[in-house]
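One letter stands for each residue in the lines below.
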Amino acid sequence: MASGARFRGFTWRPLGRREPVIAAFDLTIEGGERVLITGPSGAGKSTLLYALAGSLGHTISGELTGAVEVDGRIGLLLQNPGDAVVAERIGRDVAFGPENLGLSREEIRARVADALGAVGMPYGTEHFTSALSGGELQRLALAGVLAMQPEIFLLDEPTSMLDETNATAVREAILEATAGSTLVVVEHHIGPWLEHVDRVIVLSRSGEIVSDGTPAALRADPNPPDGVWMPGLPTPTPLDIPADLVTPRATPLQLVAEDLSIDLMTRTLRGTDTSRALRQMSARLRAGDVTAFTGPSGAGKSTALAAFGGLLKPRTGTITPAVHTWTSRLLADAIGWVPQNPEHGFLASTVGGEVERTSGRLGVAVDAAALLEVFGLGHLALANPYRLSGGEQRRLALAAALGHRPGVALLDEPTVGQDRHTWAAVAGWFASAARAGAAVALSTHDAGVPRDIDYALRAGELV
Ligand SMILES: Nc1ncnc2c1ncn2[C@@H]1O[C@H](COP(=O)(O)OP(=O)(O)OP(=O)(O)O)[C@@H](O)[C@H]1O
Ligand SMILES: [Mg+2]
């Protein structure tokens, strides 16, 4: 078994859970095989990759029984790419893995340059990692994995933060770099991968294998597994959320940006570095509309949302009302904001507590149980917010930011990492909120997201 892997009776009960999330799991991956793993959010896809990477029971606490055998050097791309950043500059960051392999300086330099080129990084090695957008961070993390030239590639949703063009380029780079190696890739949107893999494994909500075969067999299946983004299926219908959960508590604001330019400052060891993230953008967030900011990785979408959220000061131009001058309490009351990496903001020790945190601070009553149920988190009310799957964390952040029914919702990539059912809940939430009068703005690469207005950005400018 060259560079293969095997699970035998693998059972994993994370710390804090009564029941295992995966039980008596058997799977053999042959050396050189190219395997796609999919299934509902929370099924255990990332858990399988962590198991192969040897993290379970070490960096992630819990009880592991059975056996996980891996034959070969692995490279793991984490679902949340921000978690992998180790250095201040992108060149050093990518060099970290190869340095640990004890390679020569010339070899390391060559590998770093190749890897950054392969993922289409638009900056030189001296660029600051803290100045990268979500999609750029994802490509940086992938470059780090490619530079190690592992025998087994474990890639967790490697293109989830990328626009279609960059996703295609990155997918091609992955396929080229992994040719001849073992590849295990986890994805919700399986369509573009199907023609490139030998085998597709679909997990159920409870972590059992419900389908394991060739892409052709899966495509031909008249009853494909529930909730999976099979190519050709229509976009799911957003759920209708009861009005009492989404109707704004106060008259929603209309936010208007005029000729707005924003500079972003990166603090470094040697001082600060400034870059212009938005250039003279004019946009309007109307009550009752879903407004989408779109554009390639690094275009300024997150900056636009953060500016409307009062978190950034205009360099020139205006936002009306002048939200950046508001107190944090006033902002929290009027505006729900979900950043691109929402998991970094959790403060409560339970999922239920997190949902009630903002509303509790504002003295607003929320029906936390109903909220969690809508977002498919009802069974996790007592779990620790930091011990959730990627998709679950994003849904929790949405529930926590919107539970008190603010008049404005600013959502950075809200549908990333969702299966068809959880997607329908997320899209249903903001579509229903807009219908009930809220001003909803989001940044997205997801063509299926329902929206009323589109602002397309490129390099900080409206196009
Ligand atoms: N660090 C952790 N500690 C405890 N439980 C966890 C942890 N990470 C995930 N879980 C739980 O384990 C189960 C499987 O999670 P996993 O992250 O493997 O799901 P996933 O299939 O990758 O989902 P997603 O598509 O949302 O990323 C879920 O019930 C989740 O809540
Ligand atoms: Mg995952």
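The text that follows walks through the structure, step by step, so that each part is easy to find. Numbering of residues begins from 1 in every chain and follows the order in which that chain's sequence is written. The lettering of chains begins at A and the numbering of ligands begins at 1, in the order of writing. A pLDDT threshold of at least 70 governs which residues receive local features in this predicted model, and a stricter bar of 80 or more applies before side-chain atom pairs are shown or counted, although totals over entire chains, interfaces and linings include all residues. As a rule here, side-chain values cover all heavy atoms of the structure and leave hydrogens and water aside.

**A closer look at the side chain of arginine 111**
This is how the line gets drawn: Numbering goes from the N terminus for both helices and strands, where a helix is a DSSP run of H or I of at least four residues and a strand is a run of E of at least two. For each residue, the accessible area found with a 1.4 Å probe, counting protein chains only, is set against the maximum for its type, and the residue is called buried under 20%, exposed over 50%, and partly exposed in between. Here a polar contact is taken to be a pair of N or O atoms separated by no more than 3.5 Å, where protein atoms must pair a possible hydrogen donor with a possible acceptor and residues adjacent in sequence count only if both atoms sit in side chains. By definition in these notes, contact holds between two residues if any of their heavy atoms fall within 4.5 Å.
Examined against the element boundaries, arginine 111 turns out to sit in helix H3 (residues 105-118). Under the relative-accessibility criterion, arginine 111 is labelled buried at 12%. A polar contact is formed between the side chain of arginine 111 and the side chain of glutamate 107, at a distance of 2.8 Å. The residues touching arginine 111, leaving out its near neighbours within four places in the chain, are Leu101, Leu103, Ala147, Met148 and Gln149.

**Remarks on the side chain of serine 211**
Looking at the secondary structure, you find serine 211 in strand E9 (residues 209-213). Classification of serine 211 by relative accessible area gives buried; the value is 16%. Beyond its immediate stretch of four places on either side in the chain, serine 211 contacts Val200, Ile201, Val202, Leu218 and Pro225.

**Some thoughts on empty space enclosed by the protein**
This is how the line gets drawn: A 1.4 Å probe that fits into a set of points on a 1 Å grid over the protein atoms alone but cannot get out defines a cavity; an open set with protein on both sides within 12 Å along at least five of seven lines defines a pocket, and lining residues are those with an atom within 4 Å of a point. Grid points are joined across faces, edges and corners, and a volume is the space filled by probe spheres set on the points. When residues are grouped by polarity, Ala, Val, Leu, Ile, Met, Phe, Trp, Tyr, Cys and Pro land in nonpolar, Asp, Glu, Lys and Arg in charged, and all others, Gly among them, in polar.
Scanning the model with the defined rule gives 1 cavity of 30 Å³ or more in all. Considered as a void within the structure, the largest cavity measures approximately 60 Å³ in volume. The wall of the largest cavity is formed by Val246, Leu402, Arg405, Pro406, Ala409, Trp429, Ala433 and Ala438. Of the residues that constitute the lining of the largest cavity, the class distribution is 7 nonpolar, no polar and 1 charged.

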